[in-house]
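# A structural walkthrough
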Amino acid sequence: MARSLEAKLKRATDAVDRATTRAMERAADELVRLMKSLVPVEEGDLRASIGWTWGAAPDGATASDSISSGEKKITIYAGVGLDIPAIARWVEFGTEPHSVAKGGGTKAGKSALAKGGGVPHPGAKAHPYFWPAYRAKRKSIVSQMRKEIRKELKKV
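The structure contained in this document is the topic of the report that follows. Model, not experiment: these values are computed from the prediction. (Residues numbered from 1 in each chain as written. Predicted model: local features only at pLDDT ≥ 70, side-chain atom pairs only at ≥ 80, totals over all residues. Heavy atoms only, no water.)

So, on to the overall build of the chain. Broken down by element type, the chain carries 5 helices and 5 strands. Over its C-alpha atoms the chain spans a radius of gyration of 22 Å, topping by over 25% the 15 Å that the globule rule assigns to 156 residues. Along the longest, intermediate and shortest principal axes, the C-alpha atoms of the chain span 85 × 25 × 25 Å. For the chain, the residues scored as buried account for 29% of the 156 residues in total. Sequence separation of at least 24 residues holds for 63% of the intrachain contacts in the chain that already meet a minimum separation of 6. In the chain, 28 positive and 17 negative side-chain charges are present, and the distance between their average locations comes to 6 Å. (Helix = DSSP H or I, 4+ residues; strand = E, 2+ residues; numbered from the N terminus. Rg over C-alpha atoms; globule rule 2.2 N^0.38 Å. Buried < 20%, exposed > 50% of the residue type's maximum accessible area, 1.4 Å probe, protein only. Contact = heavy atoms within 4.5 Å. Lys, Arg positive; Asp, Glu negative; His and termini not counted. Charge placed at Lys NZ, Arg CZ, Asp CG, Glu CD.)

As enumerated under the stated definition, the model contains 4 aromatic pairs in all. Ring geometry for Trp 52 versus Trp 54: centroids 6.2 Å apart, planes at 80°, classification edge-to-face. What makes Trp 52 partly exposed here is its relative accessible area of 23%. On the accessibility criterion, Trp 54 (35% relative accessible area) is partly exposed. (Phe/Tyr/Trp six-rings, centres within 6.5 Å; stacked < 30°, edge-to-face > 60°.)

Residues Glu 42, Glu 43, Asp 45 and Asp 83 make up a contiguous surface patch of negative charge. For Glu 42, the location among the structural elements is in the loop between α1 (2-38) and α2 (45-48). Taking relative accessible area as the criterion, Glu 42 reaches 82% and is therefore assigned exposed. (Patch = residues over 30% accessible without salt bridge, like charges linked within 9 Å, V, L, I, M, F, W, Y side chains within 5 Å. Areas by Shrake-Rupley, 256 points an atom, 1.4 Å probe, with all protein chains shown as cover. Salt bridge = Lys/Arg side-chain N within 4 Å of Asp/Glu carboxyl O.)

With that settled, consider the nonpolar core. Where a protein is soluble and globular, its nonpolar side chains tend to be buried together. In terms of nonpolar packing, the biggest core is built from 22 residues, with Leu 31, Met 35, Leu 46, Ile 50, Ile 67, Ile 76 and Tyr 129 touching the most fellow members. Secondary structure elements with two or more residues in this core: α1, β3 (72-78), α3 (87-93) and α5 (130-154). (Core = buried A, V, L, I, M, F, W, Y, C linked by side-chain atoms within 4.5 Å.)

Structural data, given as structure tokens:
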């Protein structure tokens, strides 16, 4: 009796693990697809830099978040492979007017810009794509995971 219970618990644990993995991968695919549909496209490099991976974000990723369940972790990221990875963050949040001259970000550069010197940049309007997608899918991700787990446990 005890052995059959242990065996059933082991099968249940394995089933939950499989279902969680499947649901997390499906959720990551959906999130990435939505983010890519929301990101503004000039040349397509930023859109191409959006992806997901198991574990930590790859080097060069500037915008990222993760979906975790126990020890499993999927990281959604943007900015990998871009000449200037920070562009992913600049597009998401926008930028204030600033000087693009060498040293323009320093106190002296900001002062020069205020006095009409430096090389002004008007700033850029935010075009959120990363966090709106996450917020839109957050509840459905949890719901999908529960559904997958229940479906898999019924097989045990």
